[in-house]
Amino acid sequence: MTSLFKKIITIFSLTVVLAAGTFAGNTEAASTVASNEIVSSAKNLIGIKYRYGGTTKAGFDCSGFIGYIYKNNGVNLPRTAAGMYSTGSSVKKANLAVGDLVFFNTSGKGVSHVGMYIGSGKFIHASTSKGVRVDKLNDPYYWGNKYVGAKKVADVSSVAKK
């Protein structure tokens, strides 16, 4: 009986370790990412065209754009919008802060689009029709009713302007 118990404990322990290892490293938050730097680096890419699967300045898809911005600010994220949605901590829409990721259902099949909140009710993202651009989060014509939620994936802090 003790042999069976030891096997069960061993299997359970290995399962926990393997499951935890699957998610480890998905988000490697930098100690602090300055909000003005992350917004500035994102806005510098406005106008870059959309490219399905794109992760470079030659063209971005939505998650490729967000991944590029965060990686250049010391934070590694999963590759897809759905993967990004599975990381970080949830943020209520009323409590959004600059740098939070905002997620949308544009396909009817769950989380399919991601952008970054930049303040004043706006977010920056890679749009399939117009490339990297800024839109209103509560746009009544499109984005407002496609909003799914938001996640904080890094410690983005406001930096006082001098």
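Everything below is about the structure shown above.
The following paragraphs examine the structure supplied in this document. All of these numbers come straight from a predicted model, not from anything done at the bench. (Residues numbered from 1 in each chain as written. Predicted model: local features only at pLDDT ≥ 70, side-chain atom pairs only at ≥ 80, totals over all residues. Heavy atoms only, no water.)

1. A closer look at the overall build of the chain
- Across its full length, the chain holds 4 helices and 10 strands.
- Traced from its N-terminal end to its C-terminal end, the chain shows the element sequence α-β-α-β-β-α-α-β-β-β-β-β-β-β.
- For the chain, the proportion of its 162 residues judged to be buried stands at 38%.
- For the chain, long-range pairs separated by at least 24 residues make up 57% of all intrachain contacts whose partners lie at least 6 apart in sequence.
- For the chain, the exposed surface amounts to about 9,400 Å²; the carbon and sulfur share of it is 56%. (Helix = DSSP H or I, 4+ residues; strand = E, 2+ residues; numbered from the N terminus. Buried < 20%, exposed > 50% of the residue type's maximum accessible area, 1.4 Å probe, protein only. Contact = heavy atoms within 4.5 Å. Areas by Shrake-Rupley, 256 points an atom, 1.4 Å probe, with all protein chains shown as cover.)

2. Points about unusual backbone geometry
- One non-glycine residue with positive phi stands out, namely Ser120, at about 55°.
- Here Ser120 lies in the loop between strand S6 (113-119) and strand S7 (122-127).

3. A look at the pairing of S6
- Across the 7 residues that make up S6, a large majority, 7, are buried.
- Note that strand S5 (residues 101-104) and S6 share 4 bridges and pair antiparallel. Note that in S6 the partner of Val102 across the bridge is Gly115.
- In terms of strand pairing, S6 meets S7 through 3 bridges, oriented antiparallel. Looking at the pairing, Tyr117 lines up with Phe123 of S7.
- In sequence, S6 turns back onto S7 through a hairpin of 2 residues, with Ser120 there showing a positive phi of about 55°. (Pairing = 2+ DSSP bridges.)

4. Here we look at the layout of surface pockets
- Volume-wise, the largest pocket comes out at about 400 Å³.
- Elements with a minimum of two residues in the lining of the largest pocket: helix H3 (62-71), helix H4 (81-85), S7 and strand S8 (131-136).
- Grouping the constituent residues of the lining of the largest pocket by class yields 9 nonpolar, 10 polar and 4 charged.
- A volume near 170 Å³ is recorded for the second largest pocket.
- In this structure, the second largest pocket is lined by Thr55, Ser63, Gly64, Gly67, Tyr68, Lys71, Asn72, Asn76, Leu77, Pro78, Arg79 and Met84.
- A per-class count over the lining of the second largest pocket returns 4 nonpolar, 6 polar and 2 charged. (1 Å grid on protein atoms, 1.4 Å probe; cavity = no way out; pocket = protein on both sides within 12 Å on 5 of 7 lines; lining within 4 Å. Points joined across faces, edges and corners; volume = space filled by probe spheres on them. Nonpolar A, V, L, I, M, F, W, Y, C, P; charged D, E, K, R; others polar.)

5. Details of the pairing of S5
- On S5, burial covers both faces: Leu101 and Phe103 on one face and Val102 and Phe104 on the other are all buried.
- Sheet topology places S5 next to strand S9 (residues 147-152); 4 bridges connect them, and they run antiparallel. By the bridge assignment for S9, Phe104 is matched with Tyr147.

6. Details of the side chain of Lys151
- Residue position: Lys151 is located in strand S9.
- No salt bridge is formed by the buried Lys151; the nearest opposite charge belongs to Asp100, separated by 11 Å.
- Engagement of the side chain of Lys151 in a polar contact is seen with the backbone oxygen of Tyr85, the distance being 2.6 Å.
- Contact partners of Lys151, with chain neighbours within four places excluded, come to Tyr85, Ser86, Thr87, Gly88, Ser89, Ser90, Val91, Asp100, Leu101 and Phe103. (Lys, Arg positive; Asp, Glu negative; His and termini not counted. Salt bridge = Lys/Arg side-chain N within 4 Å of Asp/Glu carboxyl O. Polar contact = N/O pair within 3.5 Å; in protein donor to acceptor, adjacent residues only side chain to side chain.)

7. A closer look at the sheet that holds S9
- Here 6 strands make up an open sheet; going across it, the order is S4-S9-S5-S6-S7-S8 and the pairing antiparallel. Of all strands in the sheet, those with a lone pairing partner are strand S4 (89-91) and S8, marking the two edges. Within this sheet the neighbouring strands show an average axis-to-axis angle of 35°, counted without direction.
- Along the sheet, helix H2 (residues 35-43) contacts S6, S7 and S8; its crossing angle with S6, the most-contacted strand, is approximately 125°. (Axes fitted to C-alpha atoms, helices over the stretch in contact; angles between N-to-C directions.)

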